[in-house]
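Observations on the model geometry
Okay, here's what each chain looks like letter by letter:
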Amino acid sequence: MMKQLSSFLLLLALLHLCTRTSGQSNPSGASDVTSVLRKSGKFTTFIGLLKSTQMDEPINSQLQKTSSQGFTVFAPTDSAFSDLQTGTLNSFTDEQKVKLAQFHIIPTFLAISQFQTVSNPVRTEAGNDAVDFPLNVVSNGTQVNITTGLVNTTVDSTVYSDGQLAVYEIGDVLLSPGILGTGAPAPAPLPPKAKKASPPNSQAPSRSTTASVDSSGATGLPHYAPMVASIGVAVLAALSLCL
């Protein structure tokens, strides 16, 4: 009888240990980002974006781990997507859609009060490139402003916050140069090199040339002197005969 009781108590101890271990591996009440968004009823397009890019899966997977730093999600409403130029989202490539989804996700949990001290630009899942993906968040304690260089918007409300996952409603879709493919502006072309100025006297005749011309003219006159003298003598002789 005592042996059976000991075996029963040992079995209970093992069951209790297994239950505790199971609970640590899969914490109860872990958040599901798509479920949170779906409950609100106004993020259908954003949910579709997360699912089509499969960005919801790594978020939910990380939230299951006790070591996760959590996530902060800026969720544009369906109206925000409707305000985009017609066909914008459909014109994006698969890579652009992934970057768009990632740009709305911060890989750490940020409570609304932490936006007052956060370092800018804030790193998102799209990367921390301050040129292609600049996300700056500023709070004055009552309002949270977000700017990307292309879009300025505000946090309209807190959809969900549990210390691991924070979801904030925003009224505009966050776009950036890295998403649109514009990148950094190309550097301005260099000005054309200035032509070297000609020396000031390059076009003027040299003194030696002028001197040679003048000297040739001066030395050329004596060659005609004998001819003139002969003509003069002939004229004088003719006049003497006539007289």
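Conventions adopted
Residues numbered from 1 in each chain as written. Predicted model: local features only at pLDDT ≥ 70, side-chain atom pairs only at ≥ 80, totals over all residues. Heavy atoms only, no water. UniProt positions renumbered as here; feature names shortened; annotations may be inferred. Helix = DSSP H or I, 4+ residues; strand = E, 2+ residues; numbered from the N terminus. Buried < 20%, exposed > 50% of the residue type's maximum accessible area, 1.4 Å probe, protein only. Contact = heavy atoms within 4.5 Å. Areas by Shrake-Rupley, 256 points an atom, 1.4 Å probe, with all protein chains shown as cover. Arc of directions from axis to C-beta. Axes fitted to C-alpha atoms, helices over the stretch in contact; angles between N-to-C directions. Parallel < 35°, antiparallel > 145°, perpendicular 65-115°, else oblique. Left-handed = near helix turned anticlockwise from the far one by under 90°. Nonpolar A, V, L, I, M, F, W, Y, C, P; charged D, E, K, R; others polar.

As recorded in an unreviewed UniProt entry, the chain goes by FAS1 domain-containing protein and comes from Vitis vinifera. Here the chain is described in UniProt, under the heading Function (unreviewed entry), as follows: "May be a cell surface adhesion protein."

Some points on the overall build of the chain
Scanning the chain from N- to C-terminus turns up 10 helices and six strands. Evaluated residue by residue, the chain yields a buried proportion of 28% over its 243 residues. A fraction of 65% describes how many contacts in the chain between residues 6 or more apart in sequence connect residues 24 or more apart. Surface exposure of the chain reaches about 16,000 Å², of which carbon and sulfur atoms provide 58%.

What about helix H2 (residues 33-40)?
Turning to H2, its buried residues number three or more, namely Val33, Thr34, Val36 and Leu37. Seen end-on, H2 carries its buried residues on one side only, within an arc spanning 160°. Against helix H3 (44-52), helix H4 (56-63), strand E1 (71-76), strand E5 (152-161) and strand E6 (165-170) lie the buried residues of H2. Downstream of H2 by a residue or two, Gly41 has a phi angle that is positive, lying close to 85°.

Focus on the packing of H2 against H3
How two helices sit against one another is set out by the angle between their axes and by the gap between those axes. Put simply, H2 and H3 touch, their axes get as near as 10 Å, and they point 160° apart. By the angle between their axes, H2 is roughly antiparallel relative to H3. Handedness of the crossing formed by H2 with H3: left-handed. Taken together, the residues of H3 that come into contact with H2 (itself represented by Thr34, Leu37 and Arg38) are Phe46, Ile47, Leu50 and Lys51. In the contact of H2 with H3, the residues fall into four nonpolar, one polar and two charged.

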